Amino acid sequence: QVQLAESGGKLVQAGDSLTLSCAASGQSFNNYVMGWFRQPPGKEREFVAAIVLGAATIIYNDSMKGRFTISRDDAKNAVSLQMKSLQREDTGVYYCAAREGVGSAIDRVESYDYWGQGTQVTVSS
């Protein structure tokens, strides 16, 4: 089992950059696929990015590719999401998620077993 805690969310201006962090506690972090999701106001939770064991595979939501970068540090049990050129549409609660083992559909909410509490990102114009 793993516990997740996000941090780094805040109010920023359009065009700014921001890095979110997720600290994981528990065993065998390097066995987990890690993902970032977000939930805009009034909308469903959506996939942002995922990174599998040892960063062998990284996938992004196509609409965010090029602006967002996911990375993991297995030695520190941490995963990060670097975001640049933020837009108002990036506003939402950002969640870190984990699932044990590699499998299909790692861009789906239902594929993840563990979730953090979320961190709020607000982009103002």
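In case you missed it, the structure is sitting above this.
In short, a report on the structure. Computed from a predicted model, the values in this text were never measured in an experiment. (Residues numbered from 1 in each chain as written. Predicted model: local features only at pLDDT ≥ 70, side-chain atom pairs only at ≥ 80, totals over all residues. Heavy atoms only, no water.)

Remarks on the state of the cysteines
Turning to step 1, where the next piece is worked out: All told, the structure shown has one disulfide when counted by the stated rule.
Turning to step 2, where the next piece is worked out: The disulfide partner of C22 is C96, and the S-S distance across this bridge is 2.1 Å. Disulfide C22 to C96: torsion about the S-S bond roughly -80°, handedness left-handed. Here the residue C22 occupies a position in strand β3 (residues 18-26), and C96 occupies one in strand β9 (residues 92-100), the gap between them amounting to 74 residues.
Turning to step 3, where the next piece is worked out: According to the relative accessible area criterion, C22 is buried, its value standing at 2%. (Disulfide = S-S within 2.5 Å. Helix = DSSP H or I, 4+ residues; strand = E, 2+ residues; numbered from the N terminus. Buried < 20%, exposed > 50% of the residue type's maximum accessible area, 1.4 Å probe, protein only.)

Let's talk about the packing of aromatic side chains
Turning to step 1, where the next piece is worked out: Counted according to the given criterion, the structure contains six aromatic pairs.
Turning to step 2, where the next piece is worked out: Ring geometry for Y95 against W115: centres 6.3 Å apart, planes inclined by 80°, an arrangement best described as edge-to-face. On the criterion of sequence distance, the pair formed by Y95 in strand β9 and W115 in strand β10 (residues 114-115) is long-range, its members being 20 residues apart.
Turning to step 3, where the next piece is worked out: The class of Y95 is buried, set by a relative accessible area of 12%.
Turning to step 4, where the next piece is worked out: Grouping aromatic residues by their ring pairs yields a cluster made of F37, F47, Y95, Y112 and W115.
Turning to step 5, where the next piece is worked out: The cationic tip of R45 hangs over the ring face of Y95; the distance from NZ or CZ to the ring centre is 3.6 Å.
Turning to step 6, where the next piece is worked out: Directly above the aromatic system of W115 lies the positively charged group of R45, at a separation of 4.8 Å from the ring centroid. (Phe/Tyr/Trp six-rings, centres within 6.5 Å; stacked < 30°, edge-to-face > 60°. Lys NZ or Arg CZ within 6 Å of the ring centre and 35° of its normal.)

Some details on the nonpolar core
Turning to step 1, where the next piece is worked out: M34, W36, L81, M83 and Y94 are the most contacted members of the largest nonpolar core, which has 27 residues in total.
Turning to step 2, where the next piece is worked out: Residue assignment for this core shows that the elements contributing at least two residues are β1 (2-7), β3, β4 (32-39), β5 (46-51), β7 (68-73), β8 (78-83), β9 and β11 (119-124).
Turning to step 3, where the next piece is worked out: Per element, the largest residue contribution to this core is four residues, and it comes from β3.
Turning to step 4, where the next piece is worked out: Not counting the four nearest positions on each side in its chain, L81 is found in contact with L18, T19, L20, W36, V48, A49, F68, T69, I70 and Y94.
Turning to step 5, where the next piece is worked out: Among the nonpolar cores identified, the runner-up in size contains eight residues, and V33, F47, A50 and V52 belong to it. (Core = buried A, V, L, I, M, F, W, Y, C linked by side-chain atoms within 4.5 Å. Contact = heavy atoms within 4.5 Å.)

Remarks on the environment of G8
Turning to step 1, where the next piece is worked out: Relative to the elements of secondary structure, G8 occurs in the loop between β1 and β2 (11-13).
Turning to step 2, where the next piece is worked out: Considered as a pair, G8 and G66 are 58 residues apart in the sequence and their alpha carbons are 20 Å apart.
Turning to step 3, where the next piece is worked out: Aside from chain neighbours lying at most four places away, what touches G8 is L18, T19, L20 and T119.

Topic: the pairing of β5
Regular strands show a simple pattern: their side chains alternate between the two faces of the sheet.
Turning to step 1, where the next piece is worked out: Within β5, five of the six residues are buried, leaving the element largely enclosed by the surrounding structure.
Turning to step 2, where the next piece is worked out: Of the strand pairs in this sheet, β4 and β5 are connected by five bridges, and their pairing is antiparallel. From the neighbouring strand, M34 faces β5, where its bridge partner is I51.
Turning to step 3, where the next piece is worked out: Linking two consecutive strands that pair antiparallel, namely β4 and β5, is a turn of six residues; a positive phi of about 75° is found at G42 within it.
Turning to step 4, where the next piece is worked out: Sheet topology places β5 next to strand β6 (residues 58-60); three bridges connect them, and they run antiparallel. Note on β6: the bridge partner recorded for A50 is I59.
Turning to step 5, where the next piece is worked out: Linking β5 to β6, which pair antiparallel, is a turn of six residues; within it G54 sits at a positive phi near 65°. (Pairing = 2+ DSSP bridges.)

Everything listed is a geometric property; what it means functionally is a separate question.
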